[in-house]
Amino acid sequence: MSLTLTLRAMFVAHQTNEWLMIQYADSCDNKWLAQLYDNCADDLYHFLLTLSEATLAKDISQKAWLKVIEKRHLYRDSGKFTAWLFTLARNLLIDEIRSQKSLCDFDENKMAVSTNHSNNLTKQFDHALLALPFEQREAFCLQQEGFGLQEIANITHSPIETIKSRLRYAKSYLRKHLEKHHD
Amino acid sequence: MTKPNKTTEVDLNELYQQRKAKYAAPSIIKRKVMSENHSGWNWQSIYQQFGAIALAASTLLLIGLISLQQLPNQQKPLMVYRTIEVHDLQPEEIGTAEQIRNQYAARYNQYLAQRQTFAFHHQKSAILHQANSGWEMTTCDQELVKVSNDLLMALIGINKIESKIENGDSVEIMFDESGIILGIKQAKQALHC
């Protein structure tokens, strides 16, 4: 039993996203891409959905994965795969938003969609999260996805102090909003 | 003192994860991505193989060109460089004082003769005096050029001396570069020294 667990642990240890991406870049095999997709697709889609709306999130998510296919030879083992993936997706999203409208106009539309009031805490969290400014929401989501401050700074092309400030404001707003709801 | 239901960092994480669990990526994205990867694989493989073949072919071509250029260069030195062996090189013997003096006199006479020849070469006009032993031609520099009967006959035989020349006529003597008389003809104008 313990031997099985040890072998399984060893096997699983090799199946990191970075290892899978290298295997995929070398072989171009669907098997590795499918595993990568299963590991990361929901996180990426939720990140994009939180920053935009469902149709755009689906579109950008698909484009980001196609970019992974297209630019697989550019991936280097030195970085975290998810950081690379989220950077690709985030750049695509920003380009798309800029091509459609300005960032502020887009956020206002987004907030208008999510103004349904509910007593449920999860829904209140959703409402508060979507009410955050784009940059704060983005920084908060990336931190929740497990990225460090430096990684968030790299993904968003922003100074690390700015990221700290955005996170502080985002968390403060969310706490106040949720406390008010509980009170 | 904190409130019992105060929203903490952990609560935010939990709420975020709960929210994320509600929104899974649409399955259509995976289907499209996988089909795109599958359709793109063959082309990619073909490009890679073509690239490898092209690289190999160009490398072989480059090696061939370099080796072709080097072949003539290797043969050239054999043709250009030749060994010359000097088998006999004897030093000039130094003679006695009398021999040196005689050699000097001979060289000096050669020099004078060449100087005269040089002068005649440029002094073409002269006055003819016919003698029994041959012709004698006097230049304005009081130089005397003697032409033996044998030479006269030889020159007449090849039509290099005009037959109408008479004693006392002004003549033009033609020399070659080494001073050999090539011909004698009557001067158009009389020579006045």
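Residues numbered from 1 in each chain as written. Chains lettered and ligands numbered in written order. Predicted model: local features only at pLDDT ≥ 70, side-chain atom pairs only at ≥ 80, totals over all residues. Heavy atoms only, no water.

### Some points on the overall build of chain A
Scanning chain A from N- to C-terminus turns up 10 helices and zero strands. Overall, chain A shows an N-to-C arrangement of helices and strands of α-α-α-α-α-α-α-α-α-α. Taken over 183 residues, chain A has a buried fraction of 48%. Partitioning the intrachain contacts of chain A with sequence separation of at least 6 by distance along the chain shows that 66% fall at a separation of at least 24. Counting every atom, chain A has about 9,200 Å² of accessible surface; 54% of that belongs to carbon and sulfur. (Helix = DSSP H or I, 4+ residues; strand = E, 2+ residues; numbered from the N terminus. Buried < 20%, exposed > 50% of the residue type's maximum accessible area, 1.4 Å probe, protein only. Contact = heavy atoms within 4.5 Å. Areas by Shrake-Rupley, 256 points an atom, 1.4 Å probe, with all protein chains shown as cover.)

### Here's the deal with the interface of chain B and chain A
With 30 residues of chain B at the contact, the number on the chain A side is 41 residues. Scanning the region where chain B abuts chain A turns up five salt bridges. One salt bridge connects A:Asp126 with B:Arg19, and the closest N-O pair in it is separated by 3.6 Å. The interface formed by chain B and chain A includes 14 residue pairs in polar contact (both at pLDDT 80 or more). (Salt bridge = Lys/Arg side-chain N within 4 Å of Asp/Glu carboxyl O. Polar contact = N/O pair within 3.5 Å; in protein donor to acceptor, adjacent residues only side chain to side chain.)

### With respect to the packing of helix α3 (residues 30-51) of chain A against helix α4 (residues 54-70) of chain A
The relative placement of two packed helices comes down to the angle between their axes together with the axis-to-axis distance. Residues and elements named next belong to chain A. Running from N to C, α3 and α4 point in directions that differ by 145°, and their axes come no closer than 10 Å. The chirality of how α3 crosses α4 is right-handed. Two secondary-structure elements touch here, α3 through Leu33, Leu36, Tyr37, Cys40, Ala41, Leu44, Tyr45, Leu48 and Leu49 and α4 through Ala54, Ala57, Lys58, Ile60, Ser61, Ala64, Trp65 and Ile69. Within the contact of α3 with α4, the residues separate by chemical class into 15 nonpolar, one polar and one charged. (Axes fitted to C-alpha atoms, helices over the stretch in contact; angles between N-to-C directions. Left-handed = near helix turned anticlockwise from the far one by under 90°. Nonpolar A, V, L, I, M, F, W, Y, C, P; charged D, E, K, R; others polar.)

### Comments concerning the pairing of strand β3 (residues 144-148) of chain B
Residues and elements named next belong to chain B. Covered by surrounding structure in β3 are Val145 and Val147 only, the residues Leu144, Lys146 and Ser148 on the alternate face being uncovered. Bridge count for strand β2 (residues 134-138) against β3 is five bridges, and the pairing is antiparallel. Looking at β3, one finds that tryptophan 135 is bridged to valine 147. (Pairing = 2+ DSSP bridges.)

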